[in-house]
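Breakdown of the fold
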Amino acid sequence: MAAAQQLSNVYPLGAVLDGRGRLRLGGCDALELAAEFGTPAYVVSEDDLRARARAFKAAFAAHTDDFLVHFASKAFGCTAVARVMAEEGLGCDVASGGELTMALRAGFDPAHIELHGNAKTEDELRYAMDAGVGVIVVDNLHEVDALLRLLDEHGAVAPQRVQLRIAPGVSPDTHPSISTGGPNTKFGLNLQDAPRALEALQASADVEVEGLHFHIGSQILELGPFRDALERVTAALGTDFPVWNLGGGLGVTYGPEQAAPPSIEDYAAAKVAMVRELCGPGKRIVDEPGRALVANSTVTLYTVQSVKRNVQTWVGVDGGMSDNLRPMLYGAHYEVEVADRFGGDTPCIVTGKHCESGDVLIRDALLDDPRPGDVLVTPATGAYGFSMANTYNGQPRPPVVFVSNGDARLVVRRESYEDLFSRDV
Ligand SMILES: Cc1ncc(COP(=O)(O)O)c(C=O)c1O
């Protein structure tokens, strides 16, 4: 039998084609996983998750002793994934009461959780205070007023640590839907309004303003925009803050045609160097990667249900926009293969099963003569796939299966039809 073949870095660590050309993930055969757990299913390499968490920590540790890496839990809002990040010693960034609940269930120390959000409700702010969340990242002037009133009512003994979210007015080269720090964004305070918020917060004994926060967007493939953002923020607001939270944003590889992202090592080195140069020594750096921690850890398995030869070949699978909304939201591109026949050359459109013509997963697939019953694999679906999953057309959401060393374990079961109606009154 032929030797196993390593796959590109779009696939999780350790993914190979075995001697028969069948995909193996974490030592498990993809077709057997599909048979055991059904499809669609998210299959996560636990070793890959842990390796990336360690790589981020090591990359910052190589340049500074004073840093925190926080998992942006929105990227893969699954308790088991968050638990891995907690076990690896990361903190957690949450953007809602639901994500806060998940982070607490995953075992994060509340002191290592940060609450974000451009439209936090008062209930969410109260929940964060009651839970003892370490940092609240204040987004706007209304929130300043609400927070100060709620802290007064709450009557905590120690001041609440806060960071101020700034919109630096920088637009990196990424899709507008995932650009978050430009001149006309819903996130954070612009550089003109930020001083008012700072003044009000710094005048209160109930808060400790430990630093500034900015996150300029996601899937960023160059390091320059991070520095541009810090230059603008320090020029406008000074450097007199002990903590600098630089958000996340490091891009990942979705396919060979895409420009390669900077390595985790280069990204961390650049961020530490720019803080040292522009803010001075002795600052704490917080980084909040989401996508770069989880995207390539995961593949989605589907089963082909129909093949139609119209003007083009349409391959219909048993999932779609309910398990991966990114192609529909902002034209995200994914690779796809038949799990036991990689490297085909039949041009196909891989579509989902939903009642929308726009429910297309991959427009320019090349597959090996796809047939109903084939298992398809799309790699790099760990970020913002599970998190944005929905039940359109009454489609139960897929399970999450962890694989490692030849073992497969279910960490989120498939949603049932009963689950779909569990809220009916
Ligand atoms: C405040 C904040 N931090 C971190 C992230 C994670 O970004 P990424 O997944 O691109 O690393 C986001 C994503 O939107 C965010 O809004």
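Our subject is the structure that appears above.
Residues numbered from 1 in each chain as written. Predicted model: local features only at pLDDT ≥ 70, side-chain atom pairs only at ≥ 80, totals over all residues.

Describing the overall build of the protein
Per the secondary structure count, the protein includes 12 helices and 22 strands. In the protein, buried positions account for 49% of the 425 residues. Nonlocal contacts in the protein, meaning residues at least 24 apart in sequence, comprise 69% of its contacts between residues at least 6 apart. (Helix = DSSP H or I, 4+ residues; strand = E, 2+ residues; numbered from the N terminus. Buried ≥ 20, exposed ≤ 12 C-beta atoms within 10 Å, placed from the backbone. Contact = placed C-beta atoms within 7 Å.)

Considering the sheet that holds strand β1 (residues 5–6)
Pairing within the open sheet is antiparallel, and its four strands lie in the order β1-β2-β3-β4. Since the sheet does not close on itself, it has two edges, and those belong to β1 and β4 (28–29), each with one partner. Alignment of β1 against strand β2 (residues 16–17), held across two bridges, turns out to be antiparallel. Along β2, the bridge assignment pairs Q6 with V16. (Pairing = 2+ DSSP bridges.)

A word on the site of the ligand
For the ligand, the set of nearby residues contains 17 residues, the closest of which are A72, S218, G248, G290 and R291. Across the shell around the ligand, the residue classes break down as five nonpolar, eight polar and four charged. (Near = placed C-beta within 6 Å. Nonpolar A, V, L, I, M, F, W, Y, C, P; charged D, E, K, R; others polar.)

Structural notes on unusual backbone geometry
The residue after T39, namely P40, is reached through a cis peptide bond having omega -5°. Unusually for a residue other than glycine, D369 sits at a positive phi of about 40°. Assessed through the 13 C-beta atoms surrounding it within 10 Å, D369 is described here as partly exposed. The phi angle at Y384 is positive, at roughly 60°, despite the residue not being glycine. Tracing the sequence through the fold places Y384 in the loop between β20 (375–379) and β21 (400–404).

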